[in-house]
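# An overview of the molecular structure
Chain by chain, the residues run as shown.
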Amino acid sequence: MSEQQFDVLVIGGGPGGYVAAIRASQLGMKTALVERENLGGICLNWGCIPTKALLRCSEINHLLHNLDAYGFKADNISFDFKKIVDRSRKVAAQLSGCIKHLMNKNNVTVFDGHGKLLGKGKVAVTKDDKPVAEIKAQHIIIATGARARVLPGLEPDQKLVWTYREAMTPTEMPKSLLVVGSGAIGIEFASFYLNMGAKVTVVEVMDRVLPVEDVDISTFARKSFEKQGMKIITSAKVVKLNKGTNDVEVEVEVAGKIEKIKVDRVISAVGITANSEDLGLENTKVKVDRNHIVVNQWLQTDEPGVYAIGDVVSGPWLAHKASHEGVICVEKIKNLPDVHPMKVENIPGCTYCMPQVASVGLTEAKAKEKGYNVKVGKFPFIGNGKAIAMGEVEGFVKTVFDAKTGELLGAHMIGAEVTEMIQGYGIAKTLETTEIDLMHTIFPHPTLSEMMHESVLDAYGKVIHM
Amino acid sequence: MPHNVLMPALSPTMTEGKLAKWVKKEGDKVKPGMVIAEIETDKATMEVEAVDEGTLAKILVPAGTEGVAVNTLIAVLLEEGEDASSIAKSADAPAPKTVTPANQPKADATKPAPTMAVVQPAAAAPKAEGSRIFASPLAKRIAKDKGIDLASVKGSGPHGRIVKSDLEKAPAGTATKPATAGAKAPMMHATGPDAKALADAYGIPYKLVPNNGVRKVIARRLTESKQTIPHFYLTVDCELDTLLEVRKQLNDSASGYKISVNDFVIKATGLALEKYPAANVSWTDEAIVQYERADVSVAVATPNGLITPIITDAAKKSLKEISSQMKDLGIRAKEGKLKPTEFQGGTISVSNLGMFGIREFAAIVNPPQGAILAIGAGEQRAVVKDGQVKVATIMTVTMSTDHRCIDGAVGAEYLQVFKKLIESPMSLIL
């Protein structure tokens, strides 16, 4: 067992941890990273990336079944489900390899194992309960992420009741499934399996799908999903699972009545819970609130020299937020000038269902709740040349402004490629642009992004193509 | 080659001005040094002289135009033999400046004199005048709406950029410009009811007197002063009998000049600062500026409003020099003909309303200075001396002070020195 000393030690190699490690090393600090499973964390191995690989396939499948609209004809369209899943695993493996390379390139020492705080700047690393190393570090950053939340009665069993892990690596295509929870994860799997040809039911406890999004987005998304054949039950909860040998009868309570739905598989996507256990936090002053580590705006815990970033702290639980926190945390440790705390309202969120959903900032309802007098603009895909040419006429772009100052409070988009466009509004928000600056920005024609312009114009009664 | 005539910067702080009058007409021949136009800035009217010889071919900005930005093309001069067709080309091409304000070296027309930049910062603006202020569009919008001068705000964004959250802490109403231009502008500081709206509502008859440049500057600077400077006041009585006697002797034996009580006061103000430099200071966020020369700004009432010409290094000047300089400055101040260097700066101010019989008053500190002396009338009052009531000529002086840089005891000690000088005036003559 080796004992080594570092300036910065990061526990967890996901998008929060590995980015923090690279940045620390860039700033001249001797840096180590402890990872117990795969570099790249959930995001890269079991989340964002492999699901995007899968969703790409379901998009292709959708397109192949709509070839006629574009003047093509093909018979006997079929797919090899194993190949589709294998492809997504290869994508994940390739990227995880890239992170390993990045660690080497940036002189970050990687320890394979589980890190545990011993107090006084010490961390023990073990692998399969065998000690690997004892590391001393001036600064310890906890970036251990989160895992799927488990609801009683809805415990995953790896066979009939899946979490995202099983849902991502099925051996065969289920004919029908029921997704519990209509947040980003639930809806992405629902959309994937629906477009691959499964019969999909979504059960949501709130009164609408994608409940964190603007109401208009939720309403539109629901209509669109239902048009595609998805069954959506809102204000409902799963009360009982009657498991068979290769199927499940799900009892869903809606408005006091029980509805029984028989499906091949159930996916539980009811949120996440932080990985804050077994970290040796009891050896420190680190505070934990409902499983999440409590930090200040600089990601510092109550224990001097111990920090936490990403999913293990408060939300939103998104990879890009974790990475950004990693950078803020490390730059603050180095005491760089011009380090700024994260602004939650500037963190965009993307959901890769079909149609895609992307947003940043306040919803219209939230803005009103906060007392803003708002100006709202909306522009539909059907009014956009590029959208019509692409055959993607479903969706809209909504913008919410503070009527008093012209501040862009929020932007909400649904439709093709919106996840690639939202960062335009992200820049606008970060730079604190007003409606005037957005109106003065020249958007290239023909692009979907022109809708972003039109939406702003619409908020001020100046829309052109509507 | 045609010569472009650009709007000159008459002072380091000037960003725009009013083209008050064209002295020459289109077609007039001009020679270097000839006055071609008059420009009214926020403080004074200045003459613009031609630098090149030629014909005033085209006037591009008509007389009476307000808010002409510095370096705007205002006219074109043609050399002999050139015709008007070359004007258009010239207007686009960068050309050397061909005008300079009268009585100022040419170089000064375009760039701020560095010494002035030191003594004439806006009170809360450590940034050099004319340097670009980085602020987000939203911050600019909010500043404009709230009337906040961005120069007075410290930015917390990337590279010190001013962002929205910085303005939540900033005091409202420090802007150098009203929210919207022209007569439509709301009252400069959008606090309190609009007098005009109220007068309309209650049917009070009135007429509107447009705010001239001086009036706007008074409104802005004094509002800024009262809102940002923590004032306190110290009052002292000075016996004037000896001073009046000395003054009488001096004036009786003099020819060609007459020294006023105010000249003594100016001299004493400066000399007291020299003897007690702790009061010769200005506040900045970074440090207290302790001046090593006492320049006394003297408030002069003009038809346009208050202006404060400066007796530079008043401690070193003789009463006779102060007297004659003050006379000249006073006359030109009333004509609006002071040069910016003559009224911008100063390390302390004196305001004397004694001639109106005002017994005492408290003045507002003239930012960025640290103090102002308000001088009351010298009048005979009953004073008690050694248990007996006697008659003495008393002048009450009230010092208004910026507590950020001058504490009570410091102000009081300064006034002691001042009082001693006034009551033992021989030291002012030496």
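Residues numbered from 1 in each chain as written. Chains lettered and ligands numbered in written order. Predicted model: local features only at pLDDT ≥ 70, side-chain atom pairs only at ≥ 80, totals over all residues.

### Some points on the interface of chain A and chain B
As a reminder, the rule being used: Placing C-beta atoms from the backbone, we regard two residues as in contact once those atoms come within 7 Å. Residues are grouped as follows: Ala, Val, Leu, Ile, Met, Phe, Trp, Tyr, Cys and Pro are nonpolar; Asp, Glu, Lys and Arg are charged; all remaining types, including Gly, are polar.
Taken residue by residue, the interface counts ten residues in chain A and eleven residues in chain B. Along the lines of polarity and charge, the residues of the side of chain A that touches chain B split into two nonpolar, four polar and four charged.

### Details of the sheet that holds strand β8 (residues 161-162) of chain A
Residues and elements named next belong to chain A. Cut-off, in case you're wondering: At least two bridges found by DSSP between two strands is the condition for calling them paired. For the purposes of this entry, the term helix denotes a DSSP run of H or I that reaches at least four residues, the term strand denotes a run of E that reaches at least two, and both are numbered from the N terminus. The angle between two axes is taken between their N-to-C directions and runs from 0 to 180 degrees, where each axis is a line fitted to C-alpha atoms and a helix contributes only its stretch in contact.
Ordered by their spatial adjacency, five strands build an open sheet running β8-β15-β9-β10-β11, and the pairing between neighbours is parallel. The open sheet terminates on both sides in strands that have one partner only, identified here as β8 and β11 (231-233). One ladder, built from three bridges, connects strand β10 (residues 199-203) with β11; its direction is parallel. Bridge pairing links Val 202 to Ile 232 in β11. The strands touched by helix α6 (residues 184-195) within the sheet are β9 (176-180), β10 and β15 (265-268), with β10 carrying the most contacts at an inclination of about 165°.

### Some remarks on unusual backbone geometry
Residues and elements named next belong to chain A. What counts, and what does not: Whether a residue is buried, exposed or partly exposed follows from its count of other C-beta atoms within 10 Å of its own C-beta, namely 20 or more, 12 or fewer, or something in between, respectively; the C-beta atoms are built from the backbone.
At the junction of Met 354 and Pro 355, the peptide bond is cis and its omega measures out at 0° in the coordinates. Relative to the elements of secondary structure, Pro 355 occurs in the loop between β20 (349-351) and β21 (357-361). Phi angles above zero are rare outside glycine, and Glu 432 is one such case at about 55°. Secondary-structure assignment places Glu 432 in the loop between α11 (418-430) and α12 (435-440). Assessed through the 25 C-beta atoms surrounding it within 10 Å, Glu 432 is described here as buried.

### Quick notes on the confidence of the model for chain B
Do not read the fine detail of predicted coordinates wherever pLDDT is low. Residue and element names in this part refer to chain B. Quick note on the threshold: The quantity called pLDDT is the predictor's confidence in a given residue, expressed from 0 to 100.
For chain B, the average pLDDT comes to 81, and 82% of its residues sit at 70 or higher. Contacts from residues 89-129, a stretch scored under 50 in pLDDT, to residues over four places away or in other chains number 85 contacts. A low-confidence stretch, residues 176-190 (pLDDT under 50), is modelled with 20 contacts involving residues beyond four sequence positions or located in other chains.

### Regarding the environment of Phe418(B)
Residue and element names in this part refer to chain B. Tracing the backbone shows Phe 418 in helix α12 (residues 408-423). Considered as a pair, Phe 418 and Ala 272 are 146 residues apart in the sequence and their alpha carbons are 5.3 Å apart. Once residues within four sequence positions are removed from consideration, Phe 418 is found in contact with Ala 268, Thr 269 and Ala 272.

### Topic: the sheet that holds strand β14 (residues 257-263) of chain A
Residue and element names in this part refer to chain A. The three strands are arranged β12-β13-β14 in an open sheet whose pairing can be described as antiparallel. Bordering the open sheet on either side are β12 (236-243) and β14, each of which pairs with just one other strand. Taken pair by pair, the neighbouring strands of this sheet meet at an average axis angle of 25°, ignoring direction. Two elements, β12 and strand β13 (residues 248-254), share seven bridges in a ladder whose sense is antiparallel. Of the residues in β13, the one forming a bridge with Lys 243 is Val 248.

### A word on helix α7 (residues 213-228) of chain B
Residues and elements named next belong to chain B. Applied cut-off: By this rule, a helix spans an expected 1.5 Å times one less than how many residues it contains. The arc in question is formed by the directions pointing from the helix axis toward the C-beta atoms.
Taking 1.5 Å as the rise per residue, α7 with 16 residues should run 22 Å; its terminal C-alpha atoms sit 22 Å apart, in good agreement. What α7 keeps buried is the set Val 214, Arg 220, Glu 224 and Ser 225. In an axial view of α7, the angular spread of the buried residues amounts to 135°, which keeps them on one side of the axis.

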